[in-house]
Amino acid sequence: MEIQPNHQLFIDGEWVAAEQANHLEVINPATEQVIAHVAAASSAEVDRAVCAARNAFGQWCNTSGRQRAEYLRAIARQIELRAAELAALSSLNNGKPLFEAEIDIADAIACWDYYADQAELLDTRQNSPVALAATDYQSQTRLEPAGVAALIVPWNFPFVTTAWKVAPALAAGCCVVLKPSEITPLLELELGVIAQQVGLPAGVINIICGDGINVGAPLTSHPGVDKISFTGSNAVGEKVMQSAATQMKSVSLELGGKSPMLVFEDADIDAAVEWIMGGIFYNCGQMCSATSRLLVAESIAQPLLQRLKQATEALQLGGAFDEGVQMGPLTSKTQYQRVLEYIQQGRDSGLQLLTGGNPAEGFAQGYFIEPTIFTDVPADHPLWREEIFGPVLCVRSFSTEEEAIELANDSEFGLAAGIISADPSRAQRVAEQLQAGHIWINSLQVVFAETSWGGFKRSGIGRELGPWGMSAYLEVKHITQPT
């Protein structure tokens, strides 16, 4: 597909060049070729974007939820019209197979539509009376936008995590400054094109590309920013939180995971293999929710692993647009090298390698790694405890339900989990005891806009999606007076 070779920044409703004329190279991870150049912002553009958002906020926050909903639905329809083009652009930039990118675009559309509905409902919730024990006073509740929101999104799910942040922020009445990942900025920049197409008031959405030092840090510390929402690594999330603390900014963080998949002895092995592979090899394992710790009942461990090995070795790797491709490359050279280092660490430790463990054969270029499975991984080993963010699965067996739950919860993370069992009562019982924000029973990782997203422990602070997603961008005000 043809793409624009050079991209500018979207500030105050216009496309502008970076003051210092710096740029980012955008790489196709399947070919390692440069496919575009994007203007790299500096602190000067950060200030300009925040000021634009601040100036626009005065009018945008006073629009009704119904008015904002019209814009959100218009954005959803434009994405819908361009769905095929946007999916192809996502695959080109991120490397994921086209069918995965198409799912992402459908998820983004659903999110924009959902928050259009929530914006309308917000009108009905304003000035709602509060039932007081005291009869000589009355009180009412108002929900008001937090202000200017700095939104920082990752590279693994372009356009999806952006929709999860921008849509609820706009629905709540906030104006935003969006920082896409410097690795996958192309799709997010198209949101600026769409904003112009639907006539969104200037300054309501601003999009500035760049790295963490020149854009991320000055954005999160800018005094004109009221709210920060960040999705990414724990290391960067901690820095974001430290920066926000100096000015007491409201912060939402969606960070790492090391999620378990629990397979009980009554599981259907073929179905279990499908769900296990989806949980670790989808998006080449580059998911914060990846169920990268597999816990299998001892009685079925051998036949399940044999079937899993066969299915894993049959996975077809390739570029996003290759016929029949099931798993693409890692999205960046940095991540490719990181995953290979973890695999080598497993080898050096003498871990039992069931399959994979090498750069994928047959690719002269591109960041392709064989889907990899280690078995009998000790519970204190770094591969079991640390987020790898790649197609690497670690396996342990268990003998009792209690042991499975204990092993699953023995992690500093608590984002997601999966349970596979033919016994609905047991699955529900186990789900209620797992320390995780989203749990799937006998399912792939389907995520709906109406449900919540976020985790326990070091997996983050706050929730995205559902009504909780919009609440993150609202302040609660009560007006109380004598009757």
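This structure is a prediction, so every number in the text was calculated from the model and none was measured.

Reading guide: rules and limits
Residues numbered from 1 in each chain as written. Predicted model: local features only at pLDDT ≥ 70, side-chain atom pairs only at ≥ 80, totals over all residues. Heavy atoms only, no water. Phe/Tyr/Trp six-rings, centres within 6.5 Å; stacked < 30°, edge-to-face > 60°. Buried < 20%, exposed > 50% of the residue type's maximum accessible area, 1.4 Å probe, protein only. Lys NZ or Arg CZ within 6 Å of the ring centre and 35° of its normal. Disulfide = S-S within 2.5 Å. Salt bridge = Lys/Arg side-chain N within 4 Å of Asp/Glu carboxyl O. Helix = DSSP H or I, 4+ residues; strand = E, 2+ residues; numbered from the N terminus. Expected span 1.5 Å × (residues − 1). Contact = heavy atoms within 4.5 Å. Axes fitted to C-alpha atoms, helices over the stretch in contact; angles between N-to-C directions. Parallel < 35°, antiparallel > 145°, perpendicular 65-115°, else oblique. Nonpolar A, V, L, I, M, F, W, Y, C, P; charged D, E, K, R; others polar. Left-handed = near helix turned anticlockwise from the far one by under 90°. Polar contact = N/O pair within 3.5 Å; in protein donor to acceptor, adjacent residues only side chain to side chain.

Caption draft 1: Fine view of the packing of aromatic side chains. The final tally for this structure, using the stated rule, is 9 aromatic pairs. Considering the side-chain rings of phenylalanine 363 and phenylalanine 368, the 3.9 Å spacing of their centres and the 15 degrees angle between planes classify their relative orientation as stacked. Take phenylalanine 368: its relative accessible area is 3%, and that puts it in the buried class. In this arrangement the basic side chain of lysine 227 is found over the ring face of tyrosine 473, its NZ or CZ atom lying 5.6 Å from the centre.

Caption draft 2: Region of the structure containing the state of the cysteines. A complete count under the given rule lists 0 disulfides for this structure. Of all cysteine sulfurs in the structure, the one in cysteine 175 sits closest to cysteine 51, which takes part in no disulfide; the separation is 13 Å. We classify cysteine 51 as partly exposed; its relative accessible area is 34%. The thiol of cysteine 61 is not disulfide-bonded; the next cysteine sulfur, from cysteine 175, is found 7.7 Å away.

Caption draft 3: Representation of the pattern of salt bridges within the structure. Counted according to the given criterion, the structure contains 21 salt bridges. In this structure, glutamate 190 and arginine 82 form a salt bridge, with 2.6 Å as the shortest nitrogen-oxygen distance. Residue glutamate 190 is found in helix α6 (residues 186–197), and its partner arginine 82 is found in the loop between α2 (65–81) and α3 (83–94); the two are separated by 108 residues along the sequence. Residue glutamate 190 shares its accessibility class with arginine 82, and that shared class is buried. Members of the salt-bridge network, linked through shared partners, are Arg73, Asp117 and Glu120.

Caption draft 4: Region of interest: α3. When the terminal C-alpha atoms of α3 are compared, their 16 Å separation across 12 residues agrees well with the 16 Å that a helix rising 1.5 Å per residue should span. The element α3 is largely enclosed, with a buried count of 9 among its 12 residues. Along α3, the residues classified as buried are Leu86, Ala87, Ala88, Leu89, Ser90, Ser91, Leu92, Asn93 and Asn94. Lining the buried residues of α3 we find β4 (23–28), β5 (33–39), α2, α4 (98–125) and α6. Immediately downstream of α3, the backbone of glycine 95 shows phi near 95 degrees, a positive value.

Caption draft 5: Here's a closer look at unusual backbone geometry. With a phi angle near 60 degrees, alanine 21 is a residue other than glycine that sits in the positive phi range. A relative accessible area of 63% places alanine 21 in the exposed class.

Caption draft 6: Region of the structure containing the packing of α2 against α4. Their axes nearest at 8 Å, the elements α2 and α4 cross at an angle of 170 degrees. With respect to each other, α2 and α4 are oriented roughly antiparallel. Here Gly65, Arg66, Arg68, Ala69, Leu72, Arg73, Ile75, Ala76, Arg77, Ile79 and Glu80 of α2 lie close against α4, whose contacting residues are Ile105, Ile109, Trp112, Asp113, Tyr115, Ala116, Asp117, Ala119, Glu120, Leu122 and Asp123. Here the residues of the contact of α2 with α4 sort into 12 nonpolar, 1 polar and 9 charged.

Caption draft 7: Summary view of α4. Taking 1.5 Å as the rise per residue, α4 with 28 residues should run 40 Å; its terminal C-alpha atoms sit 41 Å apart, in good agreement. In the stretch just after α4, asparagine 127 is the one whose phi turns positive, near 55 degrees.

Caption draft 8: Main features of the packing of α2 against α6. Taken N-terminus to C-terminus, the directions of α2 and α6 make an angle of 120 degrees; their axes are 10 Å apart at the nearest point. Between α2 and α6, the interaxial angle falls into the category oblique. In the packing of α2 onto α6, the handedness of the crossing is right-handed. Judged by residue contacts, Ile75, Gln78 and Ile79 of α2 engage Leu191, Ile194 and Gln197 from α6. Across the contact of α2 with α6, the residue classes tally to 4 nonpolar, 2 polar and no charged.

Caption draft 9: Seen up close, the environment of leucine 72. Within the element layout of this structure, leucine 72 appears in helix α2. In sequence terms leucine 72 and leucine 98 are 26 residues apart; their C-alpha atoms lie 26 Å from each other. Filtering out sequence-adjacent residues up to four positions away, leucine 72 remains in contact with Trp112, Tyr115, Ala116, Ala167, Leu170 and Ala171.

Caption draft 10: Representation of the side chain of serine 411 in the model. Summarising the element assignment, serine 411 is placed in the loop between α13 (401–409) and β18 (413–414). Of note is the side chain of serine 411, whose polar atom sits 3.1 Å from the backbone nitrogen of phenylalanine 413. In this structure, serine 411 is in contact with Lys258, Arg293, Arg385 and Lys457, ignoring residues within four places of it in sequence.

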